[in-house]
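Survey of secondary and tertiary structure
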Amino acid sequence: MSEIVHRTMGQQSGRRSWAEPWKIKMVEPLRMTRREDRVKALADAGCNTFLLRSDDVYIDLLTDSGTNAMSDRQWAGMMLGDEAYAGSRNFYHLEEAIQTWYGYPYVVPTHQGRGAEHLISRAAIRKGQYVPGNMYFTTTRLHQELAGGIFVDVIVDAAHDPTDLSPFKGDVDVGKLERLIAERGADNIAYVSLAATVNMAGGQPVSMANVKTLHALCQRHGIRLFLDATRLMENAFFIQEREGGYADQPIAAIAHEFCSHTDGAWMSAKKDALVNIGGWLAVRDQSLFEELRNLVVVYEGLHTYGGLAGRDMEAMAIGIAESTQDDHMRARIGQVRYLAELLQDWAVPMVQPVGGHAIFLDARGFYPQLAQSEFPAQTLAAELYLDSGIRSMERGVVSAGRDVETGDHHYPKLELTRLTIPRRVYTQAHMDVVAESVKAVYDARAEARGLRMVYEPKYLRFFQARFEPLS
Ligand SMILES: Cc1ncc(COP(=O)(O)O)c(C=O)c1O
C-alpha cells in the first residue's frame, strides 16, 4: 500500500500554498454565453439544469459523476482495451484492483452504480423487508423500493441540520437501528445500506468507530452490512484527518480497513475512481456472488464485462489505484475547501462542515420567503445559471420524490443546491468565478419568486421535471 504523503511542497516549508499533484496536458475550450442566451436556454430547459445542453454551460458543477479528467496513464490504458466478449484481460486487472484496494474476493462489473444497485437489491431484498440506511440516495432507494423493500432512514439527527458541526454526520444512529430491529425482527431486515460518504447529507463521512459498531451489531443479529463505496476514498480522507489513531495511516489502508467491517459493496466508479463510466459490485459470500454473477448476465452483460468495454475496465483499474493516493485526495478536497472558504467569508449559508465532493448551499437560508413547495433549491440552481452560466443541481424536495404509499411529496429537512466539483477538471480561477457568482445571487436573494412544477415524470423526477417561474 502507498506511503502517506503528508504535505505539499509549500506546506513542507510552513507556507499556506498547496497545489495539485499534476499538470495539464490537454485542454477543452469553454463557451462564454450572454445573459439573453441563458434566459432562453433556461426557459427551453424548463428551469431544470439537467435539461440544459452542455454547450450552453460555462462552468459545469452539475455533478462529479463521470465528469473527471483521466490521467495520461488511464488514457494509455484505454489503448490496451481487450475487447473480447468473454474473459477480457482488463476484467482481471479490474478484479485484482478491487481485491487489492477494497479487499472483497468476488467482483461483478456493472455499467455504473445503479446497475450494481439493481442487482444487489434484486438478490438481497425480499418483498416487504426493511432496508435501513444512512439517509437515502435517489437511485439506491428507488432500486430498493422496486425490489419490494421499505427504506428507513437511520442516520444521526445531526445530518439533517446544516449548521451542526459534528465531524461524522454520516454515522448511523445505532439506537435507531436497534429499535428498528427490535420492532420488526432481524428476519425482516434485508440488509443495512451504508453509504460513505453520504451524498444527500452534503458529502458527510462515516467514522471507523461507527462501521465497527454496526458490523458487530449486524453480526449479532445475522444481518448483512453492505457499503455504497462510491466516495469511500474521500471518506477515508476524513477519517485520517478527524478520527483518533488514523492521522499516520495512508488513505488506502483506512479504506481497506473500513471495507473489512462490511459484507460487500457497490460502487459508482464515475466518482472516486476517476473515470467517465463504470461501476462494480463485490461481496465476500460465494453463494451471493453466484447469484449476482448470474443476474448480471440478464441485465448488464457477461460477468467479465458487465456492460463496459474492455478499455473502460482498464481505465477504472488504473483510476482506482490513483484514487487511493494521499496527495491526490488532499488536492481534491483542498479545492472544494478553497471554494467553501471564499463563500464563508461572505457568510453564504451552506452545509457545515463542508464535505468531500461539493458545496451544498442551504437554499432555505437563501430564500426564507419561499415555501418548500415553491422549490427554493431548484430556484437557486436556476438563478446561478442565469447569473453566470454555472450549472448546479437541486438536492431538496424535487430530488426527494414522493412517498410510494401516500403519493405526497417527501419534504426533506435539507433543501440544498449542490455545487459539485469534478476531479482534476477546473482551476482555482474557475472557483473564484463560481464564488463571485454565488455571492451575486445571494445579494439578490430578496427578489427570488420560486417555481411551480409543470411536468413530473414517474421515476427520479429531478432528472426530467419541468418548471415555470412564479410571478
Ligand atoms: C452515493 C451514490 N450512490 C450511487 C450512485 C449511482 O451511481 P450512478 O450514477 O453511477 O448510477 C450515485 C450517483 O450519483 C451516488 O452519488
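Here the structure is shown first, and the text comes after it.
As the structure is a prediction and not an experimental result, all values here were calculated from the model. Along each chain, the written sequence defines residue order, and numbers are assigned to residues from 1. Local features in this predicted model are restricted to residues of pLDDT 70 or higher, and side-chain atom pairs are both shown and tallied only at a pLDDT of 80 or more, whereas totals for entire chains, interfaces and linings draw on every residue. By convention in this description, side-chain values take in all heavy atoms of the structure and omit both hydrogens and water.

Brief notes about the sheet that holds strand β12 (residues 416–420)
One bridge is not enough; two strands pair if DSSP finds at least two bridges between them. Only DSSP runs of H or I with at least four residues qualify as helices, and only runs of E with at least two residues qualify as strands; both kinds are numbered from the N terminus onward. Reading across the sheet, the three strands line up as β9-β12-β11 and stay open at both edges, with antiparallel pairing between neighbours. The two strands at the open ends of the sheet, each matched to only one other strand, are β9 (358–362) and β11 (393–395). Strand-to-strand twist across the sheet, computed as the mean angle between neighbouring axes with direction ignored, equals 35°. Where β11 meets β12, three bridges bridge the pair, whose relative direction is antiparallel. The convention used is that axes are lines fitted to C-alpha atoms, helices contributing only their stretch in contact, and that angles between N-to-C directions extend from 0 to 180 degrees.

What about empty space enclosed by the protein?
Rolled over the atoms, a probe with the dimensions of a water molecule shows which regions are left empty. With a 1 Å grid laid over protein atoms only, a set of points is called a cavity when a 1.4 Å probe fits there but cannot get out and a pocket when it is open yet has protein on both sides within 12 Å along at least five of seven lines; lining residues have an atom within 4 Å of a point. Grid points are joined across faces, edges and corners, and a volume is the space filled by probe spheres set on the points. Overall, the coordinates contain two cavities of 30 Å³ or more when judged by the stated rule. Looking at the largest cavity, its volume works out to about 80 Å³. Lining the largest cavity are Glu20, Trp22, His328, Ala331, Arg332, Gln335, Pro422, Arg423 and Arg424. Put simply, Ala, Val, Leu, Ile, Met, Phe, Trp, Tyr, Cys and Pro go in the nonpolar bin, Asp, Glu, Lys and Arg in the charged bin, and everything else, Gly too, in the polar bin. For the lining of the largest cavity, the residue count by class is three nonpolar, two polar and four charged. What lines the second largest cavity is simply Asn48, Thr49, Phe50, Gln378, Glu394 and Phe462. The residue makeup of the lining of the second largest cavity, split by class, is two nonpolar, three polar and one charged.

A closer look at the nonpolar core
One recurring pattern in soluble globular proteins is that nonpolar side chains are buried together. Tyr102, Leu194, Leu227, Leu232, Phe258, Trp280 and Ile320 are the most contacted members of the largest nonpolar core, which has 63 residues in total. Sequence-distant contacts of Leu227, defined by excluding residues within four places in its chain, comprise Tyr104, Leu194, Ala196, Leu232, Phe258, Cys259, Thr262, Gly264, Ala265 and Trp266. Here, nonpolar core means buried Ala, Val, Leu, Ile, Met, Phe, Trp, Tyr and Cys residues that are tied together by side-chain atoms lying within 4.5 Å of each other. Buried means the residue's accessible area, taken with a 1.4 Å probe over protein chains only, is under 20% of the maximum for its type, while exposed means over 50%, and partly exposed covers the values in between. Core analysis: the next-biggest nonpolar cluster, separate from the first, contains 31 residues, Ala363, Ile390, Leu419 and Ala435 among them. Only heavy atoms matter for contacts: two residues are in contact if any of them lie within 4.5 Å across the pair.

Examining the site of the ligand
The criterion for a residue being near a molecule or strand is simple. One of its heavy atoms has to lie within 4 Å of it. The full set close to the ligand counts 13 residues, and Gln112, Arg114, Asp228, Ser268 and Lys271 are the nearest of them. Any pair of nitrogen or oxygen atoms within 3.5 Å is treated as a polar contact; in protein, a donor-acceptor pairing is required on top of that, and neighbouring residues in sequence qualify only through side-chain atoms on both sides. Contact distances for the ligand include 2.7 Å between an oxygen atom and a side-chain N or O atom of Arg114. Residue exposure ignores everything except the shown protein chains as possible cover, and the areas themselves are Shrake-Rupley values with a 1.4 Å probe. Computed on the free molecule, the ligand has an accessible area of 390 Å², of which 95% lies beneath the protein chains in the complex. No other element matches the three residues that helix α5 (residues 113–124) contributes to the shell around the ligand.

Topic: the layout of surface pockets
The calculated volume of the largest pocket comes to roughly 1,400 Å³. If you go around the largest pocket, you meet 36 residues; those closest to its centre are Met26, Ala69, Met70, Arg424 and Val425. For the lining of the largest pocket, the secondary structure elements donating two or more residues are α3 (72–78) and α13 (326–345). Here the lining of the largest pocket gets three residues from one element, more than from any other, and that element is α3. In terms of residue class, the lining of the largest pocket is built from 15 nonpolar, 10 polar and 11 charged.

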